[in-house]
Amino acid sequence: MTDPPGSGGSGTARSCIYLDHGATSWPKPPEVVDAVVTAMTTCGANPGRGAYTMALAAARLVFESRRACADLLGVPDARDVAFVSGCTEACNLMLKGLLAPGDRVVVSSMEHNAISRPLHMLALAGVRVDIVRADATGTMDASDVERAVRAHATRAVICQHASNVTGAIQPIADMADIAHENGALLLVDGAQAAGHLDVDLVALDVDAYAVSGHKGLLGPQGVGLLYLRPGLDATELLQGGTGGGSSEEESQPQGRPERYEAGTPNTPGIAGLGAAARLLLEHGAEWRADEQRLFRRLKDGLRPIPGLTVFGPASDEPCVPTLTLVSDRIDADRIAFLLDRRYGIAVRSGLHCAPWAHRTIGTLDTGAVRFGVGHGTTSDDVATAVTALSELLA
Ligand code: PMP
């Protein structure tokens, strides 16, 4: 019997029950692995740098991957999508490239360090940062954002699309309306949403959207992308070779996407991400339904366990398939350790690079254990996780 597409069947032996999809997806679909290998074996030239046959093939590969990613995110002109090293670089580029001293921003209290740390640097340089607090499930109330935006002139509203701590989905389309009615931009960290949600950036009306390639998008690590709305130009983070435009000598070419892609690109990573985007275009709806069903089963299985607090929206509320929990009996690091050593279950404890989010839900001092379901998770994985926690906390 052949494995269904993207099932992780060939060559990806599962060595554990992997429930750390909030960190990165694993195993990668075999089509993604094959695309990375093919880019390194038969198509290893430098794309956009040379007119010989293999360099042109490499450029075509990058072009096709960009088109697939743009299609997946509902972006009409693929040049509005720039490949970067990951969501961290994309967040730095959208914040540092669009904000200047004297600007004021309104930001959610659920942000990851990929937003809060660059914002801290910008605050030191004279950007005013006002934080709006989410509720105990990690969900933002758009009317709180509206009040904050109306209070003072605002250059940008900054918000994640979904939380890497509680799985909460933020009201991005409402925030876009609020930002635009008040002359502000909406800048979004989509790391936890892309791939887990059906994302249409034109319908959401965002101005910039930062994405990880290696999480819900199922691509390799070391690649991500930034969408910038047509006409919204950010100052680039890096200057350097773009393969063309060298007659302009010192000044960075201003065209898209090359302005944001100085240096030799991560062609194998981009190839893998393109293969993943094509898989998601074909099977994404079905895979998202499967992961939501398994995630609800996990949440419903964990919530009744005595002494356990499970953070995140109710199981009939929309969310991405990530939750965190704490126990009143065993601390978070010990739970993660015991799950790994006794049951072979891979989950992550601590603050998940999101101290703001943990402060919001009240777990800054204790940390929490995070479970993330994703493509490749099975009902047996979920059942084993529920049984393991019930036994550990009995
Ligand atoms: N934002 C959020 C919400 C995340 O969960 C992550 C990854 N943990 C990032 C940004 C950064 O992504 P990357 O590690 O791919 O740069």
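Residues numbered from 1 in each chain as written. Predicted model: local features only at pLDDT ≥ 70, side-chain atom pairs only at ≥ 80, totals over all residues. Heavy atoms only, no water.

### Some points on the sheet that holds strand 12 (residues 348-350)
Point 1. The 4 strands lie next to each other as 9-10-13-12, forming an open sheet whose pairing is antiparallel. For this open sheet the edge positions go to strand 9 (308-311) and strand 12, each flanked by a neighbour on one side alone. Ignoring which end each strand starts from, the neighbouring axes of this sheet average 30 degrees apart.
Point 2. Pairing between strand 9 and strand 10 (residues 322-327): 4 bridges, direction antiparallel. Looking across to strand 10, one finds that Phe311 is bridged to Thr324.
Point 3. In this fold helix 9 (residues 332-343) packs onto strand 10, strand 12 and strand 13 (368-372), with an angle of close to 45 degrees to the strand it touches most, strand 13. (Pairing = 2+ DSSP bridges. Helix = DSSP H or I, 4+ residues; strand = E, 2+ residues; numbered from the N terminus. Axes fitted to C-alpha atoms, helices over the stretch in contact; angles between N-to-C directions. Contact = heavy atoms within 4.5 Å.)

### Some details on the packing of helix 3 (residues 87-98) against helix 4 (residues 113-124)
Point 1. Put simply, helix 3 and helix 4 touch, their axes get as near as 9 Å, and they point 35 degrees apart. Helix 4 is crossed by helix 3, and the crossing has right-handed handedness. Contacts between helix 3 and helix 4 involve Thr88, Cys91, Asn92, Met94, Leu95 and Lys96 from the first element and Ala114, Ile115, Pro118, Leu119 and Leu122 from the second.
Point 2. Looking at the contact of helix 3 with helix 4 residue by residue, the classes come out as 8 nonpolar, 2 polar and 1 charged. (Left-handed = near helix turned anticlockwise from the far one by under 90°. Nonpolar A, V, L, I, M, F, W, Y, C, P; charged D, E, K, R; others polar.)

### Focus on the domain arrangement of the protein
Point 1. Domain assignment breaks the protein into domain 1 (9-29 + 284-392) and domain 2 (32-278).
Point 2. The distance between the C-alpha centroids of domain 1 and domain 2 comes to 26 Å.
Point 3. The largest per-residue losses of area from domain 1 upon contact with domain 2 belong to Val320, Trp356 and Thr360, which jointly make up 25% of the total buried on that side.
Point 4. Scanning the region where domain 1 abuts domain 2 turns up 0 salt bridges.
Point 5. Where domain 1 touches domain 2, the interface holds 20 residue pairs in polar contact (both at pLDDT 80 or more).
Point 6. Sorting the residues of the side of domain 1 that touches domain 2 by element identifies helix 8 (267-302), strand 10 and helix 10 (355-361) as the ones contributing at least two each.
Point 7. Looking at which element gives the most residues to the side of domain 1 that touches domain 2, the answer is helix 10, with 7 residues. (Domains from an automatic or database assignment. Buried area = accessible area lost by both parts, 1.4 Å probe. Salt bridge = Lys/Arg side-chain N within 4 Å of Asp/Glu carboxyl O. Polar contact = N/O pair within 3.5 Å; in protein donor to acceptor, adjacent residues only side chain to side chain.)

### What to know about the sheet that holds strand 5 (residues 156-160)
Point 1. Pairing is mixed in the open sheet, where 7 strands are placed in the order 2-8-7-6-5-3-4. Two strands in the sheet have a free side with no partner beyond their single neighbour: strand 2 (81-84) and strand 4 (128-132). Across the sheet, the mean angle from the axis of one strand to that of its neighbour is 20 degrees, orientation sign disregarded.
Point 2. In this sheet, strand 8 (residues 224-228) lies alongside strand 7 (residues 208-212) in antiparallel orientation, the contact comprising 5 bridges. In the sheet register, Tyr209 faces strand 8, and the bridge partner there is Tyr227.

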